[in-house]
Amino acid sequence: MKSTSSTPPTSKPTAVRVAPPPAERAAGLGRMRDELAAAQRIVLTTHMNADGDGAGSEAALGSWLLRTGHEPVIVNPTPFPELYAFLLEGLDIPVFSPADPADASAAAAVVREADLVVVLDTAEAPRLGQVMPLIESHRILTIDHHPPVTPALGELSVRDATAAATGELIFDLLAGAAAELTVLEARALYAAIVTDTGSFRFSNTSSRVHEITADLVERGVDPEAMYGRLYGGYTRARLALLQRALSALEVHETLPVAWIRLTDADMKETGADREDVDGIVEYARRLRGVEVAVLLRELPEGKTKVSLRTSGSTDVAAAARELGGGGHVKAAGALIDAPIDEAVARVLSVLDGRL
């Protein structure tokens, strides 16, 4: 468990006009606010290996709940990423993960005592790992921006694939409550949005996204400082892993596909961790003539984690669903229960039928 506490600084008043959200989204988030208002002990969770959107959304919503008199707790299926731990600084929010033996019993206990569970940035039960059995008998709210591929978790959900990030939905949730965001909340939402839009490079970057981030900057977010925290702290292990990844890059002879394999040995011998893998697939996507980029990471238990990205018209979410995963049209992934060489063959076979 980790928890830090201080008084969150208030943000500067803002004059940035943000276009209102779609009516259906606004109505759904209004019902969410009613549910949250009626609960005291609220568990927040997100998918395994939380990214900036999942972690930032948890931090922002948790901060708002804390200062409006609730008792938020974060219980994630995997430990809160060290890269995004700074988003929780100054917040008295306990953090647990049942994947950590030291946290397992405490995680189960806080979930048992919860009045409500909020699932962020996913609506797929398998992606909640060891958390799903803990929460399945609770009242669950889901807030997610991925295209629905499974029935919603729980009684009430806002699943809006027109949002660039779950952080955009949390922004709307808090804005609808007439909340004056703190700097900590603005920073967490900025991290959520900037990471899930590829620093505003991806096709999900709308004019409204720029309005929201302008609002967050007006509230005190420092883009240069945020860049340094999110992207400017590469370790030697990360660069060593990148070196191996680039040397392992392969290009298909006939298909516009490039892929990178990272073995368990690559991870161990470089001293890299899972967070060091983030962004490596983009190097394959940047190769001229490539439409689909694939990163395959061998896991110790004989499975393979697959990330798919496209710069063209190929729907990689559909390809990921064929492989047992899901995601966005331009960015998706899957977990294949097979060794890495077999996973490469499966992925290429699926892509061959779609390119």
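Keep in mind it's a predicted model, so treat the numbers as computed, not measured.

Novice: Hey, could you run me through the environment of valine 329 in this one?
Specialist: Mapping valine 329 onto the fold places it in the loop between strand S11 (326-327) and strand S12 (331-336). For the pair valine 329 and aspartate 315, spaced 14 residues apart in sequence, the C-alpha to C-alpha distance is 4.7 Å. In this view, valine 329 contacts Thr310, Thr314, Asp315, Val316 and Ala317; residues no more than four positions away in its chain are not counted.

Novice: Looking at this structure, I do not really get helix H2 (residues 52-67). What am I missing?
Specialist: Structural remark: α-helix, 3.6 residues per turn; residues separated by three or four positions point the same way. The end-to-end C-alpha separation of H2 is 22 Å, in line with the 22 Å expected for 16 residues at 1.5 Å each. Within two residues after H2, glycine 69 carries a phi angle of roughly 95 degrees, on the positive side.

Novice: For this particular structure, what's the right way to read helix H7 (residues 207-218)?
Specialist: Along its 12 residues, H7 runs 17 Å from first to last C-alpha, staying within 8% of the 16 Å computed at 1.5 Å per residue. Within the span of H7, buried status applies to Arg208, Val209, Ile212, Thr213, Asp215 and Leu216. The buried residues of H7 all sit within an arc of 150 degrees when viewed along its axis, so they share a single face. Where H7 ends, the next residue or the one after it, glycine 220, has phi of about 120 degrees, a positive value.

Novice: How should I be thinking about the environment of alanine 123 in this particular structure?
Specialist: Position of alanine 123 relative to the elements: it lies in the loop between strand S4 (116-120) and helix H4 (131-135). For the pair alanine 123 and leucine 141, spaced 18 residues apart in sequence, the C-alpha separation works out to 9.7 Å. Every residue in contact with alanine 123, bar those within four places of it in the chain, is listed here: Thr142, Asp144, Thr150, Pro151, Leu153 and Arg159.

Novice: Hey, could you run me through the nonpolar core in this one?
Specialist: Note on soluble globular proteins: their nonpolar side chains tend to be buried together. Judged by nonpolar contacts, the single largest core of 53 residues is most densely connected at Leu36, Leu61, Val118, Ile170, Leu173 and Leu216. Among the elements that line this core, the one with the most residues is helix H6 (residues 183-196), at eight residues. Listed in part, the 24 residues of the second largest apolar core include Val294, Val316, Ala320 and Leu351.

Novice: Just checking my understanding: could you explain the side chain of arginine 187 for this structure?
Specialist: Structurally, the position occupied by arginine 187 is in helix H6. Despite being buried, arginine 187 has no salt bridge partner; glutamate 89 is the closest side chain of opposite charge, sitting 4.8 Å away.

Novice: When you look at the sheet that holds strand S3 (residues 95-96) in this model, what are you seeing that I'm missing?
Specialist: Strand pairing within a sheet occurs via backbone hydrogen bonds; the two strands may be parallel or antiparallel. Taken together, six strands build an open sheet; the order of strands is S3-S2-S1-S4-S5-S6 and the sheet is parallel. With partners counted over all chains shown, the strands left at the sheet margins are S3 and strand S6 (156-159), one partner each. Here S4 pairs with strand S5 (residues 140-144) via four bridges, running parallel. Its bridge partner being in S5, valine 118 is matched across the sheet by leucine 141. Sitting on the sheet, H2 touches strand S1 (41-46), strand S2 (71-75) and S4, and the angle it makes with S1 is about 170 degrees. Docked against the sheet, helix H5 (residues 166-176) engages S4, S5 and S6, running at close to 115 degrees with respect to S5.

Novice: Which parts of the structure should I look at to understand the packing of H5 against H6?
Specialist: When two helices pack together, their arrangement is given by the angle between the helix axes and the distance between those axes. Contact geometry for H5 and H6: axes closest at 7 Å, N-to-C directions at 145 degrees. Contact with H5, carried on its side by Gly167, Glu168, Ile170 and Phe171, involves Leu189, Ala192 and Ile193 of H6 and no other residues of that element. For the contact of H5 with H6, the residue count by class is five nonpolar, one polar and one charged.

Novice: How should the pairing of strand S10 (residues 304-310) be read in this particular structure?
Specialist: Remark: a regular strand shows side chains that alternate across the two faces of the sheet. For S10, the buried fraction is high: six of the seven residues fall into the buried class. As defined by bridge partners, strand S9 (residues 292-298) adjoins S10 across seven bridges and the pair is classed as antiparallel. Looking at S10, one finds that alanine 293 is bridged to arginine 309. Linking two consecutive strands that pair antiparallel, namely S9 and S10, is a turn of five residues; a positive phi of about 90 degrees is found at glycine 302 within it. Where S10 lies against S12, six bridges are found, and the strand directions are antiparallel. The partner of threonine 304 across the bridge, within S12, is isoleucine 336.

Novice: Before we go on, may I ask you to explain the packing of H2 against H5 in this structure?
Specialist: Orientation of H2 relative to H5, taken along the N-to-C sense of each, is 15 degrees, at an axis distance of 8 Å. Taken as axis vectors, H2 and H5 run roughly parallel relative to one another. Crossing hand, H2 versus H5: left-handed. Contacts from Asp53, Ser57, Ala60, Leu61 and Trp64 in H2 reach Thr166, Gly167, Ile170, Leu173 and Leu174 in H5.

Novice: What is the right way to read the packing of aromatic side chains from this model?
Specialist: The description of an aromatic ring pair uses the distance of the two centres, along with the angle that the planes make with each other. Following the criterion strictly, the structure yields one aromatic pair and no others. Directly above the aromatic system of tyrosine 234 lies the positively charged group of arginine 238, at a separation of 4.3 Å from the ring centroid. In this structure, arginine 286 is placed above the aromatic ring of tyrosine 283, and the distance from its NZ or CZ to the ring centre is 5.1 Å.

Novice: Help me understand the pairing of S2, please; the structure alone is not making it clear to me.
Specialist: Counting buried positions over the five residues of S2 gives four, a clear majority of the element. Both S1 and S2 contribute to a ladder of four bridges, which runs parallel. From the neighbouring strand, arginine 41 faces S2, where its bridge partner is glutamate 71. Pairing of S2 with S3 involves two bridges; the strand directions are parallel.

What counts as what
Residues numbered from 1 in each chain as written. Predicted model: local features only at pLDDT ≥ 70, side-chain atom pairs only at ≥ 80, totals over all residues. Heavy atoms only, no water. Helix = DSSP H or I, 4+ residues; strand = E, 2+ residues; numbered from the N terminus. Contact = heavy atoms within 4.5 Å. Expected span 1.5 Å × (residues − 1). Buried < 20%, exposed > 50% of the residue type's maximum accessible area, 1.4 Å probe, protein only. Arc of directions from axis to C-beta. Core = buried A, V, L, I, M, F, W, Y, C linked by side-chain atoms within 4.5 Å. Lys, Arg positive; Asp, Glu negative; His and termini not counted. Salt bridge = Lys/Arg side-chain N within 4 Å of Asp/Glu carboxyl O. Pairing = 2+ DSSP bridges. Axes fitted to C-alpha atoms, helices over the stretch in contact; angles between N-to-C directions. Nonpolar A, V, L, I, M, F, W, Y, C, P; charged D, E, K, R; others polar. Parallel < 35°, antiparallel > 145°, perpendicular 65-115°, else oblique. Left-handed = near helix turned anticlockwise from the far one by under 90°. Phe/Tyr/Trp six-rings, centres within 6.5 Å; stacked < 30°, edge-to-face > 60°. Lys NZ or Arg CZ within 6 Å of the ring centre and 35° of its normal.

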